[in-house]
Amino acid sequence: MLFRSDEDAFFYGGAFSHNVNNDLFGLMDNTSFQIEFGVAYTELGDREVNGLGTALTALHSTPALESVTVNMLRITAAPKIKFSHGSALRPWIIPLGLDFNIISPPSDAVTVLNTGMVFGAGVDYEIYRGISLGADARYHWTPDNIDGVDTDGFELGGTVGFAF
């Protein structure tokens, strides 16, 4: 891997879930099937050496290092299965979803796009009618590294949800 994240890495994002049915297509009562579309921004850290610095160093005898922020935009589409329909506490799983990862600039000022899969689990708790708090854990997996950039990773997050 050409880049190692630093201790100040962070992510934030949002998602929209559309409820399709509340009986998992007739297979399980009180189990909702939803489709989730999400977007997340991740700042992985800073990198001191990039293509511009390498080229300028080759042209001149003095090093010319440029600092760049390495970041990623992740777009996700996934089925979500939520259990205990009608209850305040609702655990859920994402058995398998699709990820699009756009990383810029991972190395030598090049933008990379790769696709992968997401698996997840979490829980939502309705604190007031239509408002919930939750926690989730997700694992993002890509079948290969693109130009030495590995987008596999585990995320833990908290959520605030609004039902309408």
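The preceding data block contains the structure.
If you're wondering where the values come from, they're calculated on a predicted model, not measured in any experiment.

In this structure, the largest pocket spans a volume of roughly 1300 Å³. Contributing to the lining of the largest pocket are 45 residues, with S17, K80, K82, D124 and G161 lying nearest its centre. For the lining of the largest pocket, the elements supplying multiple residues, two or more each, are β1 (10–21), β2 (32–47), β3 (68–82), β4 (89–107), β5 (110–128), β6 (131–141) and β7 (153–162). Examining the composition of the lining of the largest pocket, we find that nine residues originate from one element, β1, more than from any other.

Looking now at the environment of V118. Relative to the elements of secondary structure, V118 occurs in strand β5. For V118, a relative accessible area of 0% gives the class buried. Excluding residues that lie within four positions of it along the chain, V118 makes contacts with T76, A78, I94, L96, G97, L98, D99, R138, Y139 and H140.

On to unusual backbone geometry, then. Phi at L24 is positive, roughly 45 degrees, even though this residue is not glycine. Topologically, L24 is positioned in the loop between β1 and β2. Here L24 falls in the buried class, since its relative accessible area comes to 12%. Positive phi values are uncommon outside glycine, yet N30 reaches one of about 60 degrees. Take N30: it is sitting in the loop between β1 and β2.

Under the definition given, this model contains five aromatic pairs. Where F10 meets Y12, the ring centres are 6.3 Å apart and the plane angle is 10 degrees; that geometry is what we call stacked. A relative accessible area of 52% means that Y12 is categorised as exposed. For the pair F10 and Y41, a centre-to-centre distance of 6.4 Å together with 50 degrees between the ring planes defines the contact as tilted. Of this pair, F10 sits in strand β1 while Y41 is found in strand β2, placing the two residues 31 residues apart along the sequence. Exposure remark for Y41: the relative accessible area of 24% places this residue in the partly exposed category.

Calculation rules
- Residues numbered from 1 in each chain as written.
- Predicted model: local features only at pLDDT ≥ 70, side-chain atom pairs only at ≥ 80, totals over all residues.
- Heavy atoms only, no water.
- 1 Å grid on protein atoms, 1.4 Å probe; cavity = no way out; pocket = protein on both sides within 12 Å on 5 of 7 lines; lining within 4 Å.
- Points joined across faces, edges and corners; volume = space filled by probe spheres on them.
- Helix = DSSP H or I, 4+ residues; strand = E, 2+ residues; numbered from the N terminus.
- Buried < 20%, exposed > 50% of the residue type's maximum accessible area, 1.4 Å probe, protein only.
- Contact = heavy atoms within 4.5 Å.
- Phe/Tyr/Trp six-rings, centres within 6.5 Å; stacked < 30°, edge-to-face > 60°.

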